[in-house]
Every structure is written in C-alpha cells, then in structure tokens.
Amino acid sequence: MTVLDEAAASPAITRSDLFGVATQAHSHSRQDARRRVCVMTTDAAAAITAAALTAFVNDSFPLQTAMLMPLAWMIGAWSAGAYLNRNLKARILDVRKLGMAAVTIWALAGVVAQFHPIPGSRSMVLFGVPAMVLAVLFARTALLPLARRSSLLAGAPIVVVGSQASVEVFLASSERRKEATQIAAACLTDASTGELTGISIYTLENLANAVRIAGADTVLVLDSTSAQKLREFSWQLERLGVGIAVAPLWQVAPHRVGVRTLGETTLVEVSPPRYYGGRRLLRDLCDRAVAAVGLIVASPLFLIVAVAIVVTSRGPVFYRQERTGFGGQRFRLWKFRTMVAEADKRQRELAAQNTYSEGTLFKIHNDPRVTRVGRLLRRTSLDELPQLINVVFGEMALVGPRPTSARPETMTADYRRRTLVKPGLTGLWQVSGRSNLPWQEAVKLDLHYVENRSVDMDLSILRRTLRAVMARDGAY
C-alpha cells in the first residue's frame, strides 16, 4: 500500500478532531503535572525537615546553609530525571535516579566545602546530605503510597482490548495484586456476551468512543495483534491524544526491556537476567550485615518469645526443618516452634484438610496442632524471626522466594528456577496474599522475582512486608 493509499484509507482529520486532540492532551498534561508537583512537594518537605533537624542538632550548621539543601536536592533530582517519568505512580521509588541525585549533591557539597568554604559546609557533607537523602527515601516509600490511593496521584483510567478470557485474567490479576491503575472499559475482540463486573463493555468498532467516554490516556492491547491492526488502532487514538500499549511479553521487569529498530522492523528486546557477579556479592554482604544487626536488636524479643513457648507447651523452643536453598543445596531452617511436639507425625491424618491440593505447601485453617502461643506468633509472623540466623550464615537472603521443603530432584523445571537465587525471609508471594493465593499464582510470583529482581523491587517488598504483617492477611 502506498502512502496515498494509506492516507485515503484513514478518515480525514477535521478541525474539530484537532481541537479534541489539543483538549485531551491538555487534560493529560495537567494530570501529569499534578502528579509531578505532588512528588516534588513531598521531596521538598522531606528535604526541608531534614535540613531543619540537622541545623537544630548541630550548632555549627547555620540555618541559612541548611536552607540551601532543599534547593540543591530539587535541582539535583530534576537533573537526574527523578521527576520526568510520565507514569510517576508506577516508579515512585526509582533508586537509580535518586541515587544519582544524592551522589551529585554530595559531590558538589564536597567541592564547595573544599574550595569555597561556607559556614557549616563540612557539616552539610557529613550530616546534612545523608539526612536529607534518608528523609526523601522515607517520604517516597511511606507517604506517597498513601497519596497514590487518593485522587491526588491517581492517573487517568485505561481501556483494555482483548478477548473476554484475556480481559478477565487481567482484571483478576490486577485485583489480586491491588494495582492502583483504574480500568474503566474493555473492547472485546471476540463474540462473547458475558459481563465484566465494574467496567463498561464495547465492541472493537467503538474503541474511540470508549476512550472518549472513559477519559482514558492509554489503551492496553492484551492479545497478539498484527502490526497493521495496531497501526489502525493508533490512527483512531491519535485524534484523542491517547497512547497505545501492547502486552506481547511474559511478565518482565522494565529494566530488562529495550526497544530498537532493525531495518523496517521495531524490535522489543529482553536482556537475560543476571544471577552472578559483584552485585550478588554486595547484596549478600548487605543482607548478612542487616540480619546481624536485626538479631542484636531483637534479642530481648527472642528471650520473651522463648520463655512463652517453654512455659505454655512441652518441646524445644526452635523448630528446624530441612529446606532447599540456593543451587539446590539443603539447609536447616530456623523457626520458633508454633505446634505441639511431634506435630509432623500427625500430618498424614490431616492431609484431607490441606488448603493446597497441589504443590509442596501444607496449610490448614485452624490447624489443631498449633499451640495458643504459636497461633499468636503466626498471626504476627514472629515465628519467622529466627531465620535471621539463616541469613547471617548465608543460607538465605532478606528478600527472595520462600524456602521450599521439596528436594531438587522432585521439582518441575519452572519450580526449580527458584533455586537460582537464595530463598528469602520475605518475598513477593508474602506481600501479595500469602496463603490466600492459589499454588500456581504463588509459583508465578516467585518466578517473576527470580527473573526480574532489582534493588527497587527488594525495597518495595520490604516496605510492603510491614503492611502485610500488620494486616495479618493469609497468615495462619
């Protein structure tokens, strides 16, 4: 088809269409600006608080110098691209960009302190900048997620395109993982006449109307679609100033995906995951150091729990069981004992009550073998604390797939991939529903972590772990 044919095949763009493009684009730019201002305001408040506290604690740090810190942070973060992400709610904590901003400010402060000293410049380098970085990280991890649930950081809704089956799977996954994105409508590509709870249904011919009515800024195509069909979709949507997103891949983290052109073809390239090298060594050292500190800090709590277990039931304080870890190696997992003595011998008689009919997990609601103290420990996840010992010994990590009792030779190929990384004290499965999730969904989450783990993901999981523990959802 020639260029003229293409132009003739596509409907003419009228003056009213151009006005609609400008209006829709202006609306979306206002939403993006509102999200960006919210993030910048949060950063500024955190930086000002850190600067004021530093000046209050350190007499040699003048308030005038302290007030330069928030301005320096805003400039450094902007230059590092920490405020340029269109979909800010998806990457509130971009460690790489925030780290670049922190290093830039630290270096500039060091140069100023060395060659053009101002009152308190050395205190700013030693105390002010670290305090400000910690305050911003806290604000982004603790405060902005609260705003994200409100309309303040909420983005425009999206419209999904696909078969009814694929749309239902996508909706169930978004609901289960409590995604913040609002799905307003679906354009079905098949002849299904079923209903989808909570969203409007349109035919594919009414895609533009669906987007216009929903006020969406993105159309997500779920199923495999020809390049020509996608191109026709984009022609319809360009009049509304709306982008199109395609889901041609399995669940892959953004940092592994790149786009390049080969000839006349646009390629989506997925880089392989990395399991070895200096980053893994640094991760292991950090995990062990944090776990060692955690053991020291929690030692009074360990003593209290140990006394409660000994006083209320017969048996040892700790329960140790063989699990499979990194590289398929077997190790003994430490836990506080939450069941009566010799509980393992009663597992066969309770097999019919197992919540998981498939897989290696054995979970029972109101398990009769659990002691009174053990039930409290499980609800609060305190029974898992002794696994800090496994982390110190290098058998586990702070974040990773939960250690399984299955032996490597009995694992299926996909399940065995969990052994490419160390098992974790907490993981993506724990913060996504824990024992409430079906077995296959739990395996899928673990595989997603194994193949896509990053510092951002680990910090997000650690933050969500506290929320999951407090909610006690799926803990029994």
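Not measured: the values here are computed from a predicted model.

*Asks:* I tried to follow the overall build of the protein chain on my own but got confused; where do I start?
*Replies:* Secondary structure summary: the protein chain contains 16 helices and eleven strands in total. Looking at the protein chain residue by residue over its 476 residues, the buried ones come to 43%. Sequence separation of at least 24 residues holds for 69% of the intrachain contacts in the protein chain that already meet a minimum separation of 6. Carbon and sulfur atoms make up 61% of the accessible area of the protein chain, which amounts to about 26100 Å² in all.

*Asks:* I'm lost on the packing of helix H10 (residues 278-297) against helix H11 (residues 299-312) in this one. Help?
*Replies:* Each pair of packed helices can be summarised by the angle the axes make with each other and by the distance between the axes. Axis separation between H10 and H11 bottoms out at 4 Å; the angle between their running directions is 55°. It follows that H10 is oblique to H11 by the angle criterion. Contacts from Leu295, Ile296 and Val297 in H10 reach Ser299, Pro300 and Phe302 in H11. Its residues assigned to classes, the contact of H10 with H11 shows five nonpolar, one polar and no charged.

*Asks:* So what exactly am I meant to see when it comes to the sheet that holds strand E2 (residues 183-188) here?
*Replies:* Across a sheet, paired strands are connected by hydrogen bonds in the backbone, their directions being either parallel or antiparallel. What the five strands build is an open sheet, ordered E3-E2-E1-E4-E5; its pairing is parallel. Pairing within the sheet leaves two strands with one partner each, and these edge strands are strand E3 (200-203) and strand E5 (243-246). Averaged over all neighbouring strand pairs, the angle between strand axes comes to 25°, with direction disregarded. Examined bridge by bridge, strand E4 (residues 218-221) and E5 share four bridges and lie parallel to one another. Along E5, the bridge assignment pairs valine 221 with valine 246. Contacting strand E1 (158-162), E2, E3 and E4, helix H8 (residues 207-214) runs over the sheet at an angle of about 155° to E1. Sitting on the sheet, helix H9 (residues 227-238) is in contact with E1, E4 and E5, with an inclination near 155° to E5.

*Asks:* Can you help me understand the environment of histidine 448 in this one?
*Replies:* Along the chain, the position of histidine 448 falls in helix H15 (residues 439-452). Separated by 196 residues in the primary sequence, histidine 448 and valine 252 place their C-alpha atoms 7.3 Å from one another. In contact with histidine 448, not counting residues within four places along its chain, are Gln251, Ala253, Leu428 and Met457.

*Asks:* Please explain empty space enclosed by the protein as it appears in this structure.
*Replies:* The method is simple in principle: a probe with the dimensions of a water molecule rolls over the atoms, and the space it marks as empty is what remains. In total, this model carries three cavities of 30 Å³ or more according to the counting rule given. Taken together, Arg280, Arg283, Asp284, Asp287, Phe326, Ala397, Val421, Lys422 and Arg453 form the lining of the largest cavity. Class assignment for the residues of the lining of the largest cavity results in three nonpolar, no polar and six charged.

*Asks:* Hey, could you run me through the pattern of salt bridges in this one?
*Replies:* Any two side chains of opposite charge can pair, on the condition that their charged atoms come close. Here the structure, examined in full by the defined rule, presents twelve salt bridges. In this structure, glutamate 269 and arginine 260 form a salt bridge, with 3.1 Å as the shortest nitrogen-oxygen distance. One salt bridge connects aspartate 446 with arginine 418, and the closest N-O pair in it is separated by 3.0 Å. Of this pair, aspartate 446 sits in helix H15 while arginine 418 is found in the loop between helix H14 (413-416) and strand E11 (424-426), placing the two residues 28 residues apart along the sequence. With respect to burial, aspartate 446 and arginine 418 carry one shared label: buried.

*Asks:* How do you make sense of a nonpolar patch on the surface when you look at a structure like this?
*Replies:* Taken together, Leu249, Trp250, Val257, Val259 and Val268 make up a surface patch of nonpolar side chains, about 450 Å² in accessible area. Among the structural elements, valine 268 can be located in strand E7 (residues 265-270).

*Asks:* Which parts of the structure should I look at to understand the nonpolar core?
*Replies:* Buried together is how nonpolar side chains tend to be arranged in soluble globular proteins. Counting 21 residues, the largest nonpolar core has Trp73, Ala77, Tyr83, Ala101, Ile105, Met132 and Val133 as its most contacted members. Counting only elements with at least two residues in this core, the list comes to helix H2 (15-57), helix H4 (68-79), helix H5 (95-115) and helix H6 (121-148). The contact partners of tyrosine 83, leaving out residues within four places of it in the chain, are Arg36, Val39, Met40, Asp43, Trp73, Met74, Ala77, Trp78 and Arg140. Residues Tyr202, Ala210, Val211 and Leu240 belong to the second largest nonpolar core, which totals 18 residues.

Scoring rules and cut-offs
- Residues numbered from 1 in each chain as written.
- Predicted model: local features only at pLDDT ≥ 70, side-chain atom pairs only at ≥ 80, totals over all residues.
- Heavy atoms only, no water.
- Helix = DSSP H or I, 4+ residues; strand = E, 2+ residues; numbered from the N terminus.
- Buried < 20%, exposed > 50% of the residue type's maximum accessible area, 1.4 Å probe, protein only.
- Contact = heavy atoms within 4.5 Å.
- Areas by Shrake-Rupley, 256 points an atom, 1.4 Å probe, with all protein chains shown as cover.
- Axes fitted to C-alpha atoms, helices over the stretch in contact; angles between N-to-C directions.
- Parallel < 35°, antiparallel > 145°, perpendicular 65-115°, else oblique.
- Nonpolar A, V, L, I, M, F, W, Y, C, P; charged D, E, K, R; others polar.
- Pairing = 2+ DSSP bridges.
- 1 Å grid on protein atoms, 1.4 Å probe; cavity = no way out; pocket = protein on both sides within 12 Å on 5 of 7 lines; lining within 4 Å.
- Points joined across faces, edges and corners; volume = space filled by probe spheres on them.
- Salt bridge = Lys/Arg side-chain N within 4 Å of Asp/Glu carboxyl O.
- Patch = residues over 30% accessible without salt bridge, like charges linked within 9 Å, V, L, I, M, F, W, Y side chains within 5 Å.
- Core = buried A, V, L, I, M, F, W, Y, C linked by side-chain atoms within 4.5 Å.

The analysis is restricted to geometry; functional conclusions fall outside its scope.
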